[in-house]
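# Structural features, examined
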Amino acid sequence: MSATDSYLGLRAFADELARCGLREACTSPGSRSTPLVLSLAREPRIRATSHLDERCGAFFALGLAKTSGRPVALACTSGTAAANYAPAVIEAHEARVPLLVLTADRPPELRDLGAGQTVDQVKLYGSAAKWYLEVDDRPAAPERLRWLRQLACRAFWTALEGRPGPVHLNFALREPLVLDEPLPAEEPGGGGREGGRPWLARPAVRTEPGPRTIDALAADLAARPRAVLIAGRAERDPMLGAGLAEFAERAAIPLLAEPLSGARRGPAAIAHYDALLRDDGFAGAHVPDLVLRVGDLPTSKPLRQWLHGMRSAVQVAFDPENAWQDPAGAVATIVGADPRATLTTVSGRLEPRRDRGWLDAWRRADHAAAGAIAATLEPAPLSEPKLAAELGARLAAATTLVVASSMPIRDVETFFPVRDDAPRVLSNRGANGIDGTVSTAFGTAAAAHGPVVLLIGDVALAHDVGGLLAATRLGLRLTIVLIDNDGGGIFNFLPVSREGADFERHVATPHGLDFAHAAALYGCGYERAADVDGLRAALDRAEAAERTTIVAVRTDREANVALHRELWQAVAAAVG
Ligand SMILES: Cc1ncc(C[n+]2csc(CCOP(=O)(O)OP(=O)(O)O)c2C)c(N)n1
Ligand SMILES: [Mg+2]
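### Comments concerning the overall build of the chain
The secondary structure content of the chain amounts to 22 helices and 17 strands. In terms of C-alpha radius of gyration, the chain reaches 25 Å, essentially the compact-globule figure of 25 Å for 576 residues. By principal-axis analysis of the C-alpha atoms, the chain measures approximately 80 × 60 × 45 Å. Counting over 576 residues, the chain shows a buried share of 56%. Relative to all contacts within the chain whose residues are 6 or more apart in sequence, the contacts with residues 24 or more apart total 78%. Element-wise, carbon and sulfur atoms account for 52% of the exposed surface of the chain, whose accessible area totals about 23400 Å².

Here it is as structure tokens:
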């Protein structure tokens, strides 16, 4: 077997991925992966970005795939290189993001014999990979090339369709790994199908609801007027948020939408449900009799507990991707049809004059909560909640906001206003990791049409500080809003915070890092903002800058807990 055979096969494979619609590949360096990486890089319809750290590369691919909605290919060498993909592959599985993970490996005759950089890569990502296949290295006969074309299509469509997720192909590659003659233009067997069509097309399926589903939902809504619509993270259908808002308004039911749903909009949206539901009096007096759930469960713990504690409410989940978002076993019906299509049809069946008293009660409470929050934050210095509220009010509709796990995503959920022109909000909430956040945001920046802002804590930034390399190496621009409370501020809310020095050292993990040095190392701008005016000016400058800028806001973990408690009390008093 010659290198020409390997390259002919991989050229057909890459051509077929491009025909399916793949546009992005993230490569990492190595020797065994050379034919794989060069074949992707040389396919003109694919943009191949290079990442020297596979963990960063995989999270970058995740951000690209989330933002674009298309599968993204990853290619790396053998050994621990491939293992470094694992966190992003797990997140992609949990969050249902399509990835094509292409790892290079030794052929069977070199495995488990002490050959260099060889580890067991068979099913390396376990159940996180939706589909796994060993791909051997074979002479480029016509039937082999036809199989590789079919394989590329199958991998692409498998990652994208049904429940999207990562597909792992492990390529055994034999030496020589580089060509010693030009690759012939002709492909044995004649190449792909006419007209640039993929070998195998798989038109997307949108599951329309059946008449019985519609009848049942319409009957539920008629019989149970105290309904709520809960919307959590849903990244696939860009029209879903507006569709849910329209339905909630027509049905006159409160819409409790996490910003990750894109549905915190329209007159039925309730922005401050997290703060409202912390008040037992409010939560108890506003128990619904029907709950419609779309997308992931929102992050809010009070919301989750409220949903879990309901005995009499009928809970209906829309789950076209078979994701089973119901840890408490509260859901009575799962509708597998597309939620937007279903609710649009149901809204045609609603009684024309539904009572608006239930929705109005929620809206009055939300209004009161917003007033209490503003009155508490207004006179106080710049804080974590104020920062979230400020971003919620200021970011333009064309912006994409990437939010780190821990307190940033919670503050965005609690303090973002209702806005019809809200920015798109993305977050790695499949597995809730704080890892790979910077890289995910750069991947988003590579795919988004408008500016990208990252809201991140200091521990999460320290965790993926190497991701900053994309700023200069790939020439990508982000505004990074860093909340630096020198440790994991989220843990100060927990009982473990009473454990003194052990808590500080092993849980809060203060590090004392000055991220100005990280900014300097990675060629980024750096500014500190001490108050709201300073923050606004710094954000203006960062957004106009040609390079990535870190805008750092220093906060105090204990004061942050006290402020959150003060805010929750103020909301409770306002609605009590
Ligand atoms: C990879 C990973 N490791 C550990 C955790 C547990 N964890 C959750 S939040 C957090 C601290 C995050 O700190 P920071 O980013 O500074 O945000 P803050 O809590 O201060 O808002 C940690 C370590 C996690 N979610 N993911
Ligand atoms: Mg922190």
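Moving on from the model shown.
### Structural notes on empty space enclosed by the protein
Under the definition given, this model contains three cavities of 30 Å³ or more. Of the volumes computed, that of the largest cavity is approximately 60 Å³. Taken together, 13 residues form the lining of the largest cavity, with Ser6, Leu10, Asp136, Asp137 and Arg144 sitting closest to its centre. When residues of the lining of the largest cavity are traced back to their parent elements, those giving at least two are helix H1 (3-20), helix H6 (142-160) and strand S6 (166-172). Ranked by residue count, the leading element in the lining of the largest cavity is H1, at four residues. Roughly 40 Å³ of volume is contained in the second largest cavity. Along the walls of the second largest cavity sit Lys66, Val402, Leu426, Ser427, Asn428, Thr437, Thr440 and Thr444, which together make up its complete lining. Tallied by class, the residues present in the lining of the second largest cavity amount to two nonpolar, five polar and one charged.

### Re the site of ligand 1
Around ligand 1 sit 17 residues in total, of which Ser406, Val459, Asn485, Gly487 and Gly489 are the nearest. Between ligand 1 and Asn432 there is a distance of 3.1 Å, counted from a nitrogen atom to a backbone nitrogen or oxygen. At a separation of 3.1 Å, a nitrogen atom of ligand 1 approaches a polar backbone atom of Ile434. Coverage of ligand 1 by the protein chains reaches 76% of its 580 Å² of free accessible surface. In terms of residue count, the dominant contributor to the shell around ligand 1 is helix H17 (residues 458-463) (three residues). Partitioned by chemical class, the residues of the shell around ligand 1 number seven nonpolar, eight polar and two charged.

### Describing the pattern of salt bridges
Taken as a whole and judged by the stated rule, the model has 32 salt bridges. Where Asp105 meets Arg111, a salt bridge forms, and the shortest distance between an N and an O atom there is 3.2 Å. Notably, a salt bridge pairs Arg206 with Asp338, separated by 3.0 Å at the nearest N-O pair. Linking Arg206 in the loop between S6 and helix H7 (211-223) with Asp338 in the loop between strand S11 (333-335) and helix H12 (339-347), this pair joins segments that are 132 residues apart in sequence. It is possible to trace a salt-bridge network through shared partners that takes in Asp15, Glu16, Arg19, Glu43, Arg45, Arg149 and Glu187.

### A word on the nonpolar core
If you look at the biggest cluster of nonpolar residues, it comprises 51 residues, and the most contacted ones within it are Phe442, Ile456 and Leu468. Look past the residues within four positions of Ile456 in its chain and what remains in contact with it is Ala404, Pro408, Thr437, Val438, Leu461, Ile480, Val481, Leu482 and Ile483.

### A closer look at the packing of aromatic side chains
Summed over the entire model, instances satisfying the criterion amount to six aromatic pairs. Look at Phe156 and Trp157: their rings are 4.9 Å apart centre to centre, the planes differ by 90°, and that puts the pair in the edge-to-face class. With relative accessibility at 2%, the residue Phe156 sits in the buried group. With 5.8 Å between their ring centres and 70° between their planes, Trp306 and Trp362 make a pair best called edge-to-face. With Trp306 in helix H11 (residues 301-309) and Trp362 in helix H13 (residues 357-377), this residue pair connects regions lying 56 residues apart in the sequence. In terms of burial, Trp306 and Trp362 fall into one category: buried. Members of the aromatic cluster, joined through ring pairs, are Phe282, Trp306, Trp358 and Trp362. Note that Arg193 overlies the ring of Trp199, its terminal NZ or CZ placed 4.0 Å from the centroid. Taking the ring centre of Trp568 as reference, the NZ or CZ of Arg278 above it sits at 3.7 Å.

### Description of the packing of H7 against H12
For the pair H7 and H12, interaxial distance at closest approach is 10 Å and the crossing angle is 60°. With respect to each other, H7 and H12 are oriented oblique. For the pair H7 and H12, the crossing hand works out as right-handed. Along its contact with H7, which presents Thr213, Ile214, Leu217, Ala218 and Leu221, the element H12 presents Thr342, Thr345 and Val346. Taken together, the residues of the contact of H7 with H12 break down into five nonpolar, three polar and no charged.

### Side note on the sheet that holds strand S4 (residues 99-105)
Note: strands within a sheet are paired through backbone hydrogen bonds, in either parallel or antiparallel orientation. Here we have six strands laid out as an open sheet, ordered S2-S1-S3-S4-S6-S5, and parallel in their pairing. Pairing within the sheet leaves two strands with one partner each, and these edge strands are strand S2 (47-50) and strand S5 (131-135). Within the sheet, the average angular offset between the axes of one strand and its neighbour, ignoring direction, is 20°. Examined bridge by bridge, S4 and S6 share seven bridges and lie parallel to one another. Each residue of the ladder has a partner; that of Leu100, found in S6, is Val167. Most of the contacts of helix H2 (residues 34-41) go to S4, to which it runs at about 140°, and overall it touches strand S1 (24-27), S2, strand S3 (72-76), S4 and S6. Sitting on the sheet, helix H3 (residues 54-68) touches S1, S2, S3 and S4, and the angle it makes with S3 is about 170°.

### With respect to the pairing of strand S14 (residues 452-457)
Among the six residues in S14, six count as buried, and that is most of the element. What you see with S14 is no split at all: Val452, Leu454 and Ile456 on one side and Val453, Leu455 and Gly457 on the other are buried throughout. Two elements, strand S12 (residues 400-403) and S14, share four bridges in a ladder whose sense is parallel. Each residue of the ladder has a partner; that of Leu401, found in S14, is Val453. Across five bridges, S14 lies against strand S15 (residues 479-484) in parallel orientation. Within the sheet, the bridge partner assigned to Ile456 lies in S15 and is Leu482.

How each quantity is defined
- Residues numbered from 1 in each chain as written.
- Chains lettered and ligands numbered in written order.
- Predicted model: local features only at pLDDT ≥ 70, side-chain atom pairs only at ≥ 80, totals over all residues.
- Heavy atoms only, no water.
- Helix = DSSP H or I, 4+ residues; strand = E, 2+ residues; numbered from the N terminus.
- Rg over C-alpha atoms; globule rule 2.2 N^0.38 Å.
- Buried < 20%, exposed > 50% of the residue type's maximum accessible area, 1.4 Å probe, protein only.
- Contact = heavy atoms within 4.5 Å.
- Areas by Shrake-Rupley, 256 points an atom, 1.4 Å probe, with all protein chains shown as cover.
- 1 Å grid on protein atoms, 1.4 Å probe; cavity = no way out; pocket = protein on both sides within 12 Å on 5 of 7 lines; lining within 4 Å.
- Points joined across faces, edges and corners; volume = space filled by probe spheres on them.
- Nonpolar A, V, L, I, M, F, W, Y, C, P; charged D, E, K, R; others polar.
- Near = heavy atom within 4 Å.
- Polar contact = N/O pair within 3.5 Å; in protein donor to acceptor, adjacent residues only side chain to side chain.
- Salt bridge = Lys/Arg side-chain N within 4 Å of Asp/Glu carboxyl O.
- Core = buried A, V, L, I, M, F, W, Y, C linked by side-chain atoms within 4.5 Å.
- Phe/Tyr/Trp six-rings, centres within 6.5 Å; stacked < 30°, edge-to-face > 60°.
- Lys NZ or Arg CZ within 6 Å of the ring centre and 35° of its normal.
- Axes fitted to C-alpha atoms, helices over the stretch in contact; angles between N-to-C directions.
- Parallel < 35°, antiparallel > 145°, perpendicular 65-115°, else oblique.
- Left-handed = near helix turned anticlockwise from the far one by under 90°.
- Pairing = 2+ DSSP bridges.

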